[in-house]
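# Examining the three-dimensional arrangement
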Amino acid sequence: AQKVTQAQTEISVVEKEDVTLDCVYETRDTTYYLFWYKQPPSGELVFLIRRNSFDEQNEISGRYSWNFQKSTSSFNFTITASQVVDSAVYFCALSGRSNDYKLSFGAGTTVTVRA
Amino acid sequence: GAGVSQSPSNKVTEKGKDVELRCDPISGHTALYWYRQSLGQGLEFLIYFQGNSAPDKSGLPSDRFSAERTGGSVSTLTIQRTQQEDSAVYLCASSPSLGGRNEQFFGPGTRLTVL
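Note that residues are indexed from 1 along each chain, following the sequence as it is written. For this description, chains carry letters from A and ligands carry numbers from 1, given in the order in which they are written. Owing to the predicted nature of the model, reporting of local features is limited to residues with pLDDT of at least 70; listing and counting of side-chain atom pairs is limited to 80 or more, with chain, interface and lining totals taken over all residues. Excluding hydrogens and water, the side-chain figures rest on all heavy atoms present in the structure.

## So, the sheet that holds strand β3 (residues 19–24) of chain B
To summarise the sheet geometry, strands pair through backbone hydrogen bonds and adopt either a parallel or an antiparallel arrangement. Residues and elements named next belong to chain B. Read across the open sheet, the 4 strands follow the order β1-β3-β7-β6; overall the sheet is antiparallel. Every other strand in the sheet has two partners, leaving β1 (5–7) and β6 (65–69) as the edge strands with one partner each. The average undirected angle you get between the axes of adjacent strands in this sheet is 15°. DSSP bridges decide pairing: two strands pair if at least two such bridges lie between them. Each helix is a run of DSSP H or I of at least 4 residues and each strand a run of E of at least 2, with the numbering of both proceeding from the N terminus. Here β1 pairs with β3 via 3 bridges, running antiparallel. Here the axes come from fitting lines to C-alpha atoms, over the contacting stretch only for helices, and the angles between their N-to-C directions go from 0 to 180 degrees.

Shown next, in the form of structure tokens:
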């Protein structure tokens, strides 16, 4: 079975602060894929990043960065210098061969960035 | 190019009526997914298509739910004899092919309200 846990329900920060979103996952697949999606108030899910299980290199893309640690089954996501437009619900998701690559989502973390 | 589109954007129906929800995937995408987002259940997978076939229908909540895809393109999700617990946002996603390396692109969703 696949399971994604986002322990943080809500995070509120002031603009320009950094925000780190936690994600812990469970899977029996040896090859799997991890994703972060953003859902702004408009409702549409927007793809942010993808990471393959066989590539633990952490990267930075603009104000986004992620920390993938296979040893702790974690895939944390950081927004640097947050802006009001970053206010949204962020979902961590997992897919793998054992469930035909359909996405298993965490419960989501609501991020509010105050001006 | 155009993204995933869904219609209608909002649907209000009376309990017991049938509804049809439509999804137009990104042109050329062979994999199509339906998800449901509700307050109590979060984001849950319903069904996916590879081409016109749906290998796994186990995510459909009941036999009142059915889906089809024709011509490897448009998909329709049908809910018969709607119940109040069917009220949710129904999301469609597509990807170039089945497989975790491909991110899924989501449509704006159909908000279904069953009175």
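Now that the structure has been shown, we can carry on.
## Here we look at the nonpolar core
In a soluble, globular protein the nonpolar side chains are often hidden away together inside. Remark: nonpolar core denotes a set of buried residues (Ala, Val, Leu, Ile, Met, Phe, Trp, Tyr, Cys) joined through side-chain atoms within 4.5 Å. Buried residues are those whose accessible area, probed at 1.4 Å on protein chains only, stays under 20% of the maximum for their type, while exposed residues exceed 50% and partly exposed ones sit between those limits. Among the nonpolar cores identified, the biggest contains 24 residues, and L21(A), W36(A), F75(A), F77(A) and Y90(A) are the most heavily contacted of them. For this core, the secondary structure elements donating two or more residues are β2 (10–14), β3 (19–21), β5 (32–39), β6 (46–52), β8 (64–69), β9 (74–79), β10 (88–96) and β12 (109–114) of chain A. Per-element tally for this core: the top contributor is β10(A), with 4 residues. The contacts of Y90(A), once residues within four sequence positions are left out, are Q6(A), L21(A), W36(A), Y37(A), K38(A), L48(A), F77(A), I79(A), G108(A), T109(A) and V111(A). Membership of the second largest hydrophobic core comes to 21 residues, among which are W34(B), A54(B), L60(B) and F65(B). Should any heavy atoms of two residues lie within 4.5 Å, those residues are considered in contact.

## Considering empty space enclosed by the protein
Cavities and pockets were defined on a 1 Å grid built over protein atoms only: a cavity is a set of grid points that admits a 1.4 Å probe from which the probe cannot escape, a pocket is an open set flanked by protein on both sides within 12 Å along at least five of seven lines, and lining residues are those with an atom within 4 Å of any such point. Grid points are joined across faces, edges and corners, and a volume is the space filled by probe spheres set on the points. This structure, assessed with the given rule, holds 1 cavity of 30 Å³ or more. Here the largest cavity defines a volume of roughly 30 Å³.

## Details of the layout of surface pockets
Roughly 520 Å³ of volume is contained in the largest pocket. If you go around the largest pocket, you meet 25 residues; those closest to its centre are Q39(A), Q37(B), S38(B), V89(B) and R111(B). Those elements that place two or more of their residues in the lining of the largest pocket are β10 and β12 of chain A together with β4 (31–38), β5 (42–50), β8 (88–95) and β10 (110–114) of chain B. Residues are grouped as follows: Ala, Val, Leu, Ile, Met, Phe, Trp, Tyr, Cys and Pro are nonpolar; Asp, Glu, Lys and Arg are charged; every other residue, Gly included, is polar. When its residues are assigned to classes, the lining of the largest pocket shows 9 nonpolar, 15 polar and 1 charged.

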